[in-house]
Amino acid sequence: MHFIDSNTPTERRNSGFTLVEMLVVIAIMSVLVTAGAIGLGSIGGKGVSSGVASAESLFDEARAIAVGQRVKSRVLVAKSMTNNPADNLRKIVVVSEKLNTDGTIATPQSWVLSSRGVVLPDQTFFSQDLSKKNHETSSGSIEEMPSLTGAKAAFAGSYFYYEFNSEGICTTPGASFIIGNGSRNLNNTSAKPKVTAAGKRDFGGFVIWRNGRTSLFRSPDQMGSGISSMAPGKEF
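These numbers come from a predicted model, not from an experiment. (Residues numbered from 1 in each chain as written. Predicted model: local features only at pLDDT ≥ 70, side-chain atom pairs only at ≥ 80, totals over all residues. Heavy atoms only, no water.)

Details of the overall build of the protein
The helix and strand inventory of the protein stands at two helices and 11 strands. Listing every helix and strand of the protein by position from the N terminus yields α-α-β-β-β-β-β-β-β-β-β-β-β. A buried classification covers 38% of the 236 residues belonging to the protein. For the protein, long-range pairs separated by at least 24 residues make up 68% of all intrachain contacts whose partners lie at least 6 apart in sequence. As presented, the protein carries roughly 13,500 Å² of accessible surface, and 54% of it is formed by carbon and sulfur atoms. (Helix = DSSP H or I, 4+ residues; strand = E, 2+ residues; numbered from the N terminus. Buried < 20%, exposed > 50% of the residue type's maximum accessible area, 1.4 Å probe, protein only. Contact = heavy atoms within 4.5 Å. Areas by Shrake-Rupley, 256 points an atom, 1.4 Å probe, with all protein chains shown as cover.)

Written out as structure tokens, the structure is:
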């Protein structure tokens, strides 16, 4: 005859979840999904996130070239491409001052391509209106380079630029780089892109500091006063 000690706990016959446990798990999952959705919604769509990451890498590259070669370098954003207008506000490249064979800087000043650069994802464009020379005061336009002479035909045109000096210091500390998801008339590539239905949620970018480091924007509210008016159909 087998006796059960009344002081020893018996094994649970049902190893499944109780109703309370299932409700707790569902509640936790709901919170995580909601938090994830809020986080992703504040930093732009997939194209914008990818474009921001690519641009950051080019800024790092430009600074490294400036310090390594002791020259000025620039991150160029296509404004008006001579032979490839579809790349307007989408093509980004790095250039640096041309050096003579003895290592001295060529005069008069000229620029050479230092990377093949990148083209922003489809329907993702640089915002010449939201990007500012001084982001804190939301003032000043990004400097322009009227032409890139001596480059291959695919790179000929005018550009917006951000510059690093030979010590790797950004010459416009506090400037912002902002891109957004939009649409543009294929028959008029010189026109500014227009905001899509997602509006201000599909913008992203960063501020470039004196030492070349960048600070990402975590929400549209950090991108300046202009972002609040990014209604569908508005140019940027």
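Some points on unusual backbone geometry
The step from Thr107 to Pro108 runs through a cis peptide bond, and the omega angle for that step is -5°. When you line up the elements, Pro108 lands in the loop between β2 (91-97) and β3 (111-113). The backbone phi angle of Gln123 is positive, close to 65°, even though this residue is not glycine. For Gln123, a relative accessible area of 47% gives the class partly exposed.

So, the nonpolar core
Nonpolar side chains tend toward joint burial in soluble globular proteins. Among the nonpolar cores identified, the biggest contains 36 residues, and Phe59, Ile92, Phe126, Tyr162, Phe177, Phe203 and Ile208 are the most heavily contacted of them. Counting only elements with at least two residues in this core, the list comes to α2 (46-69), β1 (73-81), β2, β5 (124-126), β7 (157-164), β8 (175-183) and β10 (203-208). At eight residues, α2 tops the list of elements feeding residues into this core. Beyond its immediate chain neighbours, meaning those up to four positions away, Phe59 contacts Val75, Tyr162, Phe164, Phe177, Phe206 and Ile208. Among the nonpolar cores identified, the runner-up in size contains 11 residues, and Ala78, Val93, Val95 and Tyr159 belong to it. (Core = buried A, V, L, I, M, F, W, Y, C linked by side-chain atoms within 4.5 Å.)

As for the pairing of β7
Within β7, eight of the eight residues are buried, leaving the element largely enclosed by the surrounding structure. Bridging between β1 and β7 involves eight bridges; their strand directions are antiparallel. Bridged to Arg74 within β7 is Glu163. Strand direction decides the pairing type here: strand β6 (residues 144-145) and β7, joined by two bridges, are antiparallel. Bridge pairing in β7 places Met145 opposite Tyr159. (Pairing = 2+ DSSP bridges.)

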